[in-house]
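Structural description and commentary
So you can see what is in the structure, the chains are spelled out below.
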Amino acid sequence: MSSSCVSHHHQAVRPRHGGRLPLPSPRSAAASSFAPPAPRRRRAARAATMSAEAAPGVAPVEEAGQRRVAVLAEMVEEAAVWCAVHGLVVGDRADPRSGTVPGVGLVHAPFSLLPARFPASFWKQACELAPIFNELVDRVSLDGEFLQAALSRTKQVDEFTARLLEIHEKMKAINKKEDIRLGLHRSDYMLDSETNSLLQIELNTISSSFPGLGSLVSELHRTLLNHYGKVLGLDSKRIPRNWAATQFAEALGKAWAEYNNDSAVVLMVVQPEERNMYDQYWLVSHLKESYGVTTIRKTLAQVEAEGQVLTDGTLVIDGRAVAVVYFRAGYAPADYPSEAEWRARLLMEQSSAIKCPSISYHLVGTKKIQQELANPNVLERFLDNKEDIAKLRKSFAGLWSLDNEEIVKSAIEKPDLFVLKPQREGGGNNIYGHDLRDMLIKLQKEQGESLAAYILMQRIFPKASLTPLVRGGDCFEDLTISELGIYGAYLRNKDKVILNNQSGYLMRTKVSSSNEGGVAAGFAVLDSILLTDE
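What you see is a predicted model, and the numbers here were worked out from it, not measured in a lab.

1. Here we look at the overall build of the protein chain
Secondary structure summary: the protein chain contains 17 helices and 21 strands in total. The buried share among the 534 residues of the protein chain stands at 59%. When contacts within the protein chain are restricted to residue pairs at least 6 apart in sequence, long-range pairs at least 24 apart make up 75% of them. Roughly 22,000 Å² of accessible area belongs to the protein chain as shown, and the carbon and sulfur atoms make up 51% of that amount.

Here it is as structure tokens:
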């Protein structure tokens, strides 16, 4: 029998109910992570459900609740089968070969059983922002002086940022021009219940993950609601189509065409152990089927060992010319365990291959640049359209450098209203609550440049809703909050903009008691959205 949904009721820091269809009321249970409940509890839950269903004379409300539980159990099984058949899968951490050998040790990606309700007006706002942010990234990337100056203090205390700036400086010194520029971005937002506004969490300019699997979750939810929507009172037509995988592939394919070498390949730079490889293989598949483009996958270490740049600037790996370098690695210090990886990064940057991202685009995505762009009059340096500037500003959460003594004082007094962010990508790096207060006090005592390694950001408080989550075939309900990522694709060749699109979306949902939000890092599940008129 399929697992019924077991309820875990986490208290959010400031819980506010909203979002999804009301579910059967949860039993109180202590739970500290996304781990599914123990088998004994699942069996007990199933037995309780069966005995309730068998009980005579049950009240109509209870009957409705029981029918709903039975429907959810049926949906879990159907969804798990759908994931297997359609490639909504990740590598299983329990299998040591799952991150290196394709087709070995697969499990379905963690997902929400039902889509998250999301107001159509905010969805429209987020989509309209994508091409403006794409343009902004491109404009800022061309201002090398701004990037170097804005990050000058950060590099003194953050070695990773310093190494990236070193490569950037070398490219500036030889006046290296990137005539063909490709950006595959993702801007992440949350709905703040305090201000009823859509606020940006961050802008990702490197390795914007889950275009492949994120597209599939939208299809999974549409399929489930086509079968069960009437029972649940949900309309599958309200789930927006999500073409992220095909649109990212289109951008890569068009960039490859601009490079104008029919025998060249796309190089996907990947981590040595990549359990999220199937998300990446969706792009590989679309590129081959729709554009006839071959993709090769190499780690940074392999690029260093096998790559060379010819006198005309051509990057060659394994005897094959590379038209486009697409980074799905290289965004974190752990990706550079030795000097070989840094040599590989420099080698690719020196070549004539189109980089996604170039070193300049990568730097634009740093937290410090995000904070600098939120300062008064800075956007005007890069954009001319006042309406576009106003739209961007409206989406900015409060962002401050630690030089702002008043804000630091406020954060020490009320740490739950802030997030302390270092210059790092991926989940698990941000600092909250008592840890934030302790870190700020420590940094104040140290004085010096260590303050420049962090920025302070206004904490966003989205509404929490009770949601059925599925991980490892088991369904459990919990209070959750969601984060919407809007993908953007940008391609230009000198003065000609070839592509500037909103390119699908990624919805991630996490237990409201969890501060971090990465799916790959194990904090969240994949989701989609159901548009509402509210």
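Now that the structure is up, let's keep going.
2. Some words on the pattern of salt bridges
Under the counting rule described, the total for this entry stands at 27 salt bridges. Notably, a salt bridge pairs Glu135 with Arg492, separated by 3.8 Å at the nearest N-O pair. Here Glu135 is found in helix 3 (residues 120-141), whereas its partner Arg492 is found in strand 18 (residues 474-493), with 357 residues between them in sequence. Each of the two residues, Glu135 as well as Arg492, counts as buried. For Glu250, the salt bridge goes to Lys254, with nearest N and O atoms at 3.2 Å.

3. Details of the packing of helix 7 (residues 211-232) against helix 8 (residues 244-259)
Put simply, helix 7 and helix 8 touch, their axes get as near as 7 Å, and they point 145° apart. Taken together, the residues of helix 8 that come into contact with helix 7 (itself represented by Pro211, Gly212 and Ser215) are Ala244, Ala245 and Phe248. Partitioning the contact of helix 7 with helix 8 into residue classes produces 4 nonpolar, 2 polar and no charged.

4. Some details on helix 11 (residues 339-350)
Helix length check: helix 11 (12 residues) gives 17 Å between terminal C-alpha atoms against 16 Å at 1.5 Å per residue, within 8%. Most of helix 11 sits inside the fold, with 9 of its 12 residues counted as buried.

5. A look at the packing of helix 3 against helix 15 (residues 386-395)
At a minimum axis distance of 10 Å, the contact between helix 3 and helix 15 shows a crossing angle of 110°. Taken as axis vectors, helix 3 and helix 15 run roughly perpendicular relative to one another. At the point where helix 3 passes helix 15, the crossing takes the left-handed sense. Residue-level contacts link Gln125, Glu128, Leu129, Ile132, Phe133 and Leu136 of helix 3 to Asp388, Lys391, Leu392, Lys394 and Ser395 of helix 15. Its residues placed into classes, the contact of helix 3 with helix 15 shows 5 nonpolar, 2 polar and 4 charged.

6. Describing the packing of aromatic side chains
Applying the stated criterion across every chain yields a total of 9 aromatic pairs. When the centroid spacing of 5.1 Å and the interplanar angle of 80° are considered together, the rings of Trp123 and Tyr505 count as edge-to-face. Of this pair, Trp123 sits in helix 3 while Tyr505 is found in strand 19 (residues 496-511), placing the two residues 382 residues apart along the sequence. By relative accessible area, which is 12% here, Trp123 ends up buried. Here the aromatic rings of Phe146 and Phe382 are separated by 5.0 Å at their centres, their planes lie at 70°, and the arrangement is edge-to-face. Here Phe146, found in helix 4 (residues 144-150), pairs with Phe382, found in helix 14 (residues 379-382); they are 236 residues apart in sequence, far enough to count as distant. Each member of the pair Phe146 and Phe382 is classed as buried. Directly above the ring of Tyr281 sits Arg297, whose terminal nitrogen or CZ lies 4.5 Å from the centroid. Taking NZ or CZ as reference, Arg345 lies 4.6 Å from the ring centre of Phe327, over its face.

7. Points about the pairing of strand 12 (residues 320-327)
Of all 8 residues making up strand 12, 7 are buried, and the element is well covered by its neighbours. For strand 8 (residues 265-269) and strand 12, the ladder comprises 5 bridges, and the chain directions are parallel. Paired with Val265 across the bridge in strand 12 is Val322. The sheet contact formed by strand 11 (residues 315-317) and strand 12 spans 2 bridges and is antiparallel. Across the sheet, Val316 pairs through a bridge with Ala321, a residue of strand 12.

8. Examining the pairing of strand 17 (residues 465-471)
The side chains of a regular strand alternate, first on one face of the sheet and then on the other. Among the 7 residues of strand 17, 6 are classified as buried, and the element is accordingly described as predominantly covered. The hairpin turn running from strand 17 into strand 18, its antiparallel successor, is 2 residues long, and Gly472 in that turn takes a positive phi close to 60°.

9. Things to note about the confidence of the model for the protein chain
Considering every residue of the protein chain, the mean pLDDT works out to 88; 86% of them sit at 70 or more. Predicted confidence is poor over residues 9-18, with pLDDT under 50, and the contacts of this stretch with residues over four places away or in other chains come to 32 contacts. Below pLDDT 50 for its whole length, residues 21-58 participates in 72 contacts with residues either more than four positions away or in separate chains.

10. What about the UniProt feature "binding site: Mg(2+)" (unreviewed entry) in the protein chain?
As annotated in UniProt, the feature "binding site: Mg(2+)" (unreviewed entry) corresponds to Glu202, Asn204 and Glu425 in the numbering used here. Structurally, Asn204 can be placed in strand 7 (residues 197-204).

11. Quick notes on the environment of Ser410
The residue Ser410 is located in helix 16 (residues 405-413) in this model. Taking relative accessible area as the criterion, Ser410 reaches 31% and is therefore assigned partly exposed. Each C-alpha atom, one on Ser410 and one on Arg437, is 10.0 Å from the other, the two residues being 27 residues apart in sequence.

12. Re the sheet that holds strand 15 (residues 418-422)
Spatial strand order, 14-16-15: 3 strands in an open sheet with antiparallel pairing. Looking at strand neighbours, the two that pair on one side only are strand 14 (399-401) and strand 15, the edges of this open sheet. Averaged over all pairs of adjacent strands, the angle between their axes in this sheet comes to 30°, without regard to strand direction. Across 3 bridges, the pairing between strand 14 and strand 16 (residues 454-458) is antiparallel. From the neighbouring strand, Ser401 faces strand 16, where its bridge partner is Ile455. Helix 17 (residues 433-446) contacts strand 15 and strand 16 of the sheet and is inclined by roughly 60° relative to strand 15.

13. A short note on unusual backbone geometry
Pro357 follows Cys356 through a cis peptide bond whose omega is 10°. For Pro357, the location among the structural elements is in the loop between strand 13 (354-356) and helix 12 (359-364). One non-glycine residue, Asn260, adopts positive backbone phi at about 65°. Tracing the chain through its elements places Asn260 in the loop between helix 8 and strand 8. One non-glycine residue, Asp318, lies in the positive phi region at around 55°.

What counts as what
Residues numbered from 1 in each chain as written. Predicted model: local features only at pLDDT ≥ 70, side-chain atom pairs only at ≥ 80, totals over all residues. Heavy atoms only, no water. Helix = DSSP H or I, 4+ residues; strand = E, 2+ residues; numbered from the N terminus. Buried < 20%, exposed > 50% of the residue type's maximum accessible area, 1.4 Å probe, protein only. Contact = heavy atoms within 4.5 Å. Areas by Shrake-Rupley, 256 points an atom, 1.4 Å probe, with all protein chains shown as cover. Salt bridge = Lys/Arg side-chain N within 4 Å of Asp/Glu carboxyl O. Axes fitted to C-alpha atoms, helices over the stretch in contact; angles between N-to-C directions. Nonpolar A, V, L, I, M, F, W, Y, C, P; charged D, E, K, R; others polar. Expected span 1.5 Å × (residues − 1). Parallel < 35°, antiparallel > 145°, perpendicular 65-115°, else oblique. Left-handed = near helix turned anticlockwise from the far one by under 90°. Phe/Tyr/Trp six-rings, centres within 6.5 Å; stacked < 30°, edge-to-face > 60°. Lys NZ or Arg CZ within 6 Å of the ring centre and 35° of its normal. Pairing = 2+ DSSP bridges. pLDDT = per-residue confidence, 0-100. UniProt positions renumbered as here; feature names shortened; annotations may be inferred.

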